[in-house]
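# Architecture and fold: a report
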Amino acid sequence: MTPLLQVEGVAKFYGARVGCTDVSFDLYPGEVMGIVGESGSGKSTLLNCLAGHLTPDAGAVRFDTKTDGLRDTVTMREPERRMLGRTDWAFVHQHARDGLRMNVSAGGNVGERLMAVGARHYGSIRDTATDWLGRVEINADRIDDRPTAFSGGMQQRLQIARNLVTGPRLVFMDEPTGGLDVSVQARLLDLLRGLVREMGLSAIIVTHDLAVVRLLADRLMVMKDGHVVETGLTDQVLDDPQHAYTQLLVSSVLQV
Amino acid sequence: MIQVENLSKSFTLHNQGGTVIPVMEGAAFDVAAGECVGLIGASGAGKSTLMRMLYGNYLAASGHIRIGGVDVATAEPREILGLRRETLGYVSQFLRVVPRVSTLDVVAEPLLRTGHALDAAQARARDLLARLNIPERLWGLSPTTFSGGEQQRVNIARGFAYDYPALLLDEPTASLDATNREVVLTLIEDAKARGAAIVGIFHDEAARDRVCDRVIDAAAFTPRSSA
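Just so it is clear, the model here is predicted, and its values are computed rather than measured. (Residues numbered from 1 in each chain as written. Chains lettered and ligands numbered in written order. Predicted model: local features only at pLDDT ≥ 70, side-chain atom pairs only at ≥ 80, totals over all residues. Heavy atoms only, no water.)

This brings us to the sheet that holds strand β4 (residues 58-65) of chain A. Residues and elements named next belong to chain A. Ordered in space as β2-β1-β4-β5, the four strands form an open sheet in which the pairing is antiparallel. Both edges of this open sheet fall to β2 (17-27) and β5 (69-72), since each of them pairs with a single strand only. Here the average twist between neighbouring strands, direction ignored, is 25 degrees. Bridge count between β4 and β5: four bridges; the pairing is antiparallel. When the bridges of β5 are listed, T65 appears paired with G69. Of the strands in this sheet, β1 (5-14), β2 and β4 are in contact with helix α1 (residues 43-50), which crosses β1 at around 125 degrees. (Pairing = 2+ DSSP bridges. Helix = DSSP H or I, 4+ residues; strand = E, 2+ residues; numbered from the N terminus. Axes fitted to C-alpha atoms, helices over the stretch in contact; angles between N-to-C directions. Contact = heavy atoms within 4.5 Å.)

This is the structure:
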C-alpha cells in the first residue's frame, strides 16, 4: 500500500533556533496520527510545514496525488500546492475565525469552498451546504447567519463543515478542541470520529490534550524542543511511555 | 494461533532516579485455536502486564509474540491496528468510549470496522445486549453513565460482537451476578467451539475450571532478582 503522506527529514529553523528537525514518518490512508508536546515543542511548526503554510528548510513532504502518485509538495509549484489545499487537504485551525470568513453567512462559508473547486449551480451548492450544516449539527435555519452570531463551538463545527465539504483525503487539525468547554469538546470529538470513519479520512491532529488523542488518534508522535522523542501506537505510548519526557507528560495529567 | 517466545519486559522510571524494574523474563507458551488458557499467579506476578503485551499495549523489551502472522513485539503500529481490527479482541476491565455514542453503536462498532452491514451489526449488538440483560431502554444512551456491572457487560458484548480468531479476557466475570456470569461463560464456550484461541485472567476459580483447558503461572516468568 502506498502511504498517503511520506515525510522525510523535515526541518524548520527560525534563525539559529530550532522549530522542528529531523522529522520522518509515513501516514497511510485512514490513519489518524496525533502530535503531542508542550507549547514551543515545534508541533505547530511541523503541522504548518506539512500543510504547505511554511516552507521547510530541509526534507521532503510527499503526498499521494490522485493523478501523479507521490509528489513532493515542498518543491511543487505554488498553484499546484494551493489546489491541493482546496481539494485533497483540509486545515482546521484552533481559532475558528482563522479558518472562516466571519462576514460571510454560514452557508456562504461552506459554499465558497465548493465554488473554489468549480461548483457553479447555486441551488445544489445551497443544498450541499444545508446537508453539511446538518452533519455538523447546525440547524438549517442558521444558514444565512454570519459566524459572528455563532457560539465558539458552533463556529468550530462550521469550520469543520467548510473544510470537509469538498471530500478531502487528508485533514490537518491544530488544537481542534482547544478553548472549548468540555461538553462541547465531547460533542466535537464524537463528530470528528464519526466523520473520519465514514469518509475514510486520514488526519494529523496537533494537540496538548492527551485525552483527545487517546480517543481520536491511532498513532502518536511526541515532540520536545523540536525533536520527535517517541512514536508508536497511541495506547502504547500513553500506557507504557519509554522516553523520560513522555513519562513526565503522562504522569502530569490531572485525574478527574 | 498465539505463540510467545522468550519474552521479557522491564519498566524504566526516568523521572524517579532512572529506576529499572524488571517484570518479566523468558516467558514462553503457545495457545492453539479452540483452546482457552488461564493466567494465574498472585497479584503483581505480571498477569496483566503479559496480557497488555499480547495486545501491543505494553512494549516488549525482547522476544516474540506471534498472533495470526504478526509479531506484536516488533510490528509497526499499522500492523497492530490491523491485527486488533481483524484478529485479536480484548475485553479489558474498563470501558473506554467517546462520550455521547450510544451503547448499541459502541457494541456494533467492531463489526462496522470490519465491513459488516449496519443492520446486521446492529442486530448482533441487540442480541448480545439482550443476552447480557442490559435493559433495552438503555441501548440508546451512552454507557459512560452506567453502573460498573453494566459497563462491564457492555464491554463484553463489544468484545464478543465480532468473531475474533484470538481473544484476551481480563476478568470477564468480575462484578457480575450469577445469571450474567453464566451468559459470559456460555459466550466463552461458544467462542472456543468456533475455534477462537483465548487467554484469560479469571480470579473466579469455578469459572476458570469450567472454561480453561490449562493454566499458566505467570510467576514462572518473574525475574529472580525482583521476586
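What follows continues from the structure just given.
This part is about the side chain of T207 of chain A. All names here are of chain A. Structurally, the position occupied by T207 is in the loop between β8 (202-206) and α8 (210-216). Polar side-chain contacts of T207 include one of 3.5 Å to the side chain of E175. Those residues in contact with T207, other than ones at most four positions away along the chain, are I35, V36, G37, K43, E175, V212 and V213. (Polar contact = N/O pair within 3.5 Å; in protein donor to acceptor, adjacent residues only side chain to side chain.)

Let us look at the pairing of strand β6 (residues 89-92) of chain A. Residues and elements named next belong to chain A. Side-chain alternation along β6 places W89 and F91 on one buried face and A90 and V92 on a second face that is also buried. Across four bridges, β6 lies against strand β7 (residues 170-174) in parallel orientation. In the sheet register, W89 faces β7, and the bridge partner there is L170. (Buried < 20%, exposed > 50% of the residue type's maximum accessible area, 1.4 Å probe, protein only.)

Turning to the nonpolar core, a few remarks are in order. Judged by nonpolar contacts, the single largest core of 48 residues is most densely connected at V110, W132, L158, I160 and V171 of chain A. In terms of residue count, helix α7 (residues 182-199) of chain A provides more of this core than any other element does, six residues in total. Of all hydrophobic cores here, the second largest spans 40 residues; its members include V91, L187, A196 and V211 of chain B. (Core = buried A, V, L, I, M, F, W, Y, C linked by side-chain atoms within 4.5 Å.)

Within a sheet, each strand pairs with its neighbour through backbone hydrogen bonds, oriented either parallel or antiparallel. Residue and element names in this part refer to chain B. Ordered in space as β6-β7-β8-β3-β9, the five strands form an open sheet in which the pairing is parallel. The outermost strands of the open sheet, each flanked by one partner alone, are β6 (88-91) and β9 (214-217). Here the average twist between neighbouring strands, direction ignored, is 20 degrees. Across four bridges, the pairing between β6 and strand β7 (residues 166-170) is parallel.

Another aspect to go through is helix α10 (residues 244-251) of chain A. Where α10 of chain A is concerned, the buried positions are Y245, T246 and Q247 of chain A. Considering only its buried residues, α10 of chain A is in contact with β9 (219-224), β10 (227-233) and α9 (234-239) of chain A together with β1 (2-13) of chain B.

This next bit is on the interface of chain B and chain A. Of the residues lining the interface, 24 residues belong to chain B; the matching set on chain A comes to 25 residues. Summed over both partners, the interface of chain B with chain A buries about 2,200 Å², with 54% contributed by carbon and sulfur atoms. Among the residues of chain B in contact with chain A, R78, V98 and R100 of chain B are the three that bury the most area, contributing 27% of the side total. Our count for the contact surface shared by chain B and chain A stands at three salt bridges. Across the salt bridge formed by R193 of chain A and E109 of chain B, the nearest N and O atoms sit 3.3 Å from each other. At the surface where chain B touches chain A, the tally comes to 10 residue pairs in polar contact (both at pLDDT 80 or more). No other element matches the five residues that helix α2 (residues 77-86) of chain B contributes to the side of chain B that touches chain A. When its residues are assigned to classes, the side of chain B that touches chain A shows 12 nonpolar, five polar and seven charged. (Buried area = accessible area lost by both parts, 1.4 Å probe. Salt bridge = Lys/Arg side-chain N within 4 Å of Asp/Glu carboxyl O. Nonpolar A, V, L, I, M, F, W, Y, C, P; charged D, E, K, R; others polar.)

To continue, consider the pairing of β8 of chain A. All names here are of chain A. The element β8 is extensively covered by neighbouring structure, given that five of its five residues are classed as buried. Burial along β8 is two-sided: S202, I204 and V206 and A203 and I205, pointing in opposite directions, are all buried. For strand β3 (residues 32-36) and β8, the ladder comprises four bridges, and the chain directions are parallel. In the sheet register, G34 faces β8, and the bridge partner there is I205. Sheet analysis places β7 next to β8, joined by five bridges and oriented parallel. Note that in β8 the partner of M173 across the bridge is I205. At this point the chain moves from β7, through α7, to the parallel β8, and the crossover so formed is right-handed. (Right-handed = clockwise from strand over helix to strand, strands pointing away.)

With that out of the way, let us pick up helix α6 (residues 178-193) of chain B. All names here are of chain B. Look at α6: 22 Å from first C-alpha to last across 16 residues, which is about the 22 Å you get at 1.5 Å a residue. Residues of α6 that are buried: N180, V183, V184, L185, L187, I188, A191 and K192. Along its buried surface, α6 packs onto β3 (36-40), α4 (118-131), α5 (148-161), β7, β8 (197-201) and α7 (205-211). After α6 finishes, the residue G195 shows a positive phi value of roughly 105 degrees. (Expected span 1.5 Å × (residues − 1).)

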